[in-house]
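Here is what each chain is made of, one letter per residue.
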Amino acid sequence: MLESRVGEAEKMSLDYSVWDHIYVSDDEDVACPFVDTPSLFRMRHRERLEKMAEFQQRGEDLQDNYVECQHLLAEAQRRLEDMEEGKKEGEDEEEREAELKKVRAEVKKLKKDEKSFQKLIEEYRQEEKKLPWNVDTISKEGFSKSVLNIKPVKKEEATEEENVEKHKTFVEKNAKEIKHFGMLRRWDDSQKYLSDNPHLVCEETANCLVVICIDFEIDEKHALMEQVAHQAIVMQSILDLARTLNVDPRGCFRQFFSKIKIADKPYQDAFSRELELLKDRVRKCAQIKMEGAMKELEEEEMQKRLGPGGLDPVEVYESLPQEFQRSFDEKNIQMMQEAMDKLDPEDDTI
């Protein structure tokens with residue numbers, strides 16, 4: 001009887017092995033009297049925080065590359081399916097086979113890259129689990145504040161300058177968090193991240209995500225643009241739901257995720273339709289910005305070329321007759337003189 005009770009007590013005992021690898025530098029003693037102990041502790045703490053930040057950045061980079069690889073793979077598979085469906089009119093059979101072979105090779109390589117990223121991410125997570133605990137990771141607060149789902153008090157409308165300044169300040173303070181939210185793919189991950197960062201549930205975050213989409217499109221990172229556009233529509237849908245219910249958006253984002261996870265086809269189709277419309281607007285806006293930038297660059301180059309009297313040498317050259325242009329190209333003064341002699345003295349076209 002006593003042995004059985006002892007066995008039961010051993011089974012019910014807590015496993016304290018997880019506490020065997022806790023790194024707390026502040027508990028260490030510095031034997032040398034010439035060392036400033038508080039300064040040493042601060043230095044060790046700073047080094048540990050820098051290493052933690054580098055490790056976290058490595059994980060974020062892996063996740064970003066994995067998302068990019070998935071989007072590229074989806075695009076390549078879609079192209080392959082379109083090509084395998086049938087031959088286009090006027091398409092050469094040899095060229096079609098060569099293109100098919102090329103796309104299949106691309107799909108094969110991207111699948112291999114996807115598995116490599118999955119393996120690297122899994123290794124990263126295993127490494128993360130083995131990291132020793134310290135004073136910064138040994139515990140985390142559960143909730144630091146409560147958000148009441150009440151009717152918001154109407155405030156006086158701010159001026160345009162105040163709205164611009166508010167948006168600028170918010171983005172500068174939360175740029176990293178907003179970009180991280182833009183890279184999330186799973187509904188559960190998005191909901192958890194907003195639960196941990198409820199201040200991101202606002203109009204400024206939605207606007208910033210659209211700006212990030214435009215920047216990605218300008219840089220021709222189309223897969224990342226589509227990923228962030230998805231999250232922009234998520235945020236906009238939450239804001240629309242809050243306006244419909246007339247509540248604070250921070251108090252209803254969980255309701256949106258609960259609905260979208262079990263949504264019927266019409267609701268999902270409406271979400272997809274809004275996403276496609278946003279992507280089209282982003283592409284058009286990026287095209288306009290690139291055309292404007294090219295126009296400004298051309299104007300700057302023209303200003304640099306302007307000669308005496310504000311004339312553009314290129315325009316002057318193109319307005320000359322063929323004989324004069326040829327004499328300039330060959331740097332032939334005699335040919336130019338002959339062309340001058342052939343001109344009508346009363347002709348003022350030059």
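The structure displayed is predicted, hence computed values, not measured ones.

Caption draft 1: The arrangement of the overall build of the chain in detail. A tally of regular secondary structure across the chain gives 12 helices and 0 strands. Each helix (α) and strand (β) of the chain, taken in turn from the N terminus, gives the series α-α-α-α-α-α-α-α-α-α-α-α. Counting every position in the chain, which comprises 350 residues, the buried fraction comes to 26%. Counting only contacts in the chain whose residues sit at least 6 apart along the sequence, the fraction spanning at least 24 positions is 66%. As displayed, the chain has an accessible area near 26200 Å², and 52% of this comes from carbon and sulfur atoms.

Caption draft 2: Up close: the pattern of salt bridges. Evaluation of the coordinates by the stated rule reveals 16 salt bridges. With its nearest N and O atoms 2.6 Å apart, the salt bridge here joins Asp188 to Lys261. Of this pair, Asp188 sits in helix H5 (residues 187–196) while Lys261 sits in helix H8 (residues 253–261), and the two are 73 residues apart along the sequence. Accessibility expressed as a relative area gives 38% for Lys261, which makes it partly exposed. In this structure, Glu203 and Arg243 form a salt bridge, with 3.5 Å as the shortest nitrogen-oxygen distance. Separated by 40 residues along the polypeptide, Glu203 in helix H6 (residues 203–218) and Arg243 in helix H7 (residues 222–245) bring together distant segments of the chain. Each of Arg186, Asp188, Asp189 and Lys261 takes part in one network of salt bridges that share partners.

Cut-offs applied
- Residues numbered from 1 in each chain as written.
- Predicted model: local features only at pLDDT ≥ 70, side-chain atom pairs only at ≥ 80, totals over all residues.
- Heavy atoms only, no water.
- Helix = DSSP H or I, 4+ residues; strand = E, 2+ residues; numbered from the N terminus.
- Buried < 20%, exposed > 50% of the residue type's maximum accessible area, 1.4 Å probe, protein only.
- Contact = heavy atoms within 4.5 Å.
- Areas by Shrake-Rupley, 256 points an atom, 1.4 Å probe, with all protein chains shown as cover.
- Salt bridge = Lys/Arg side-chain N within 4 Å of Asp/Glu carboxyl O.

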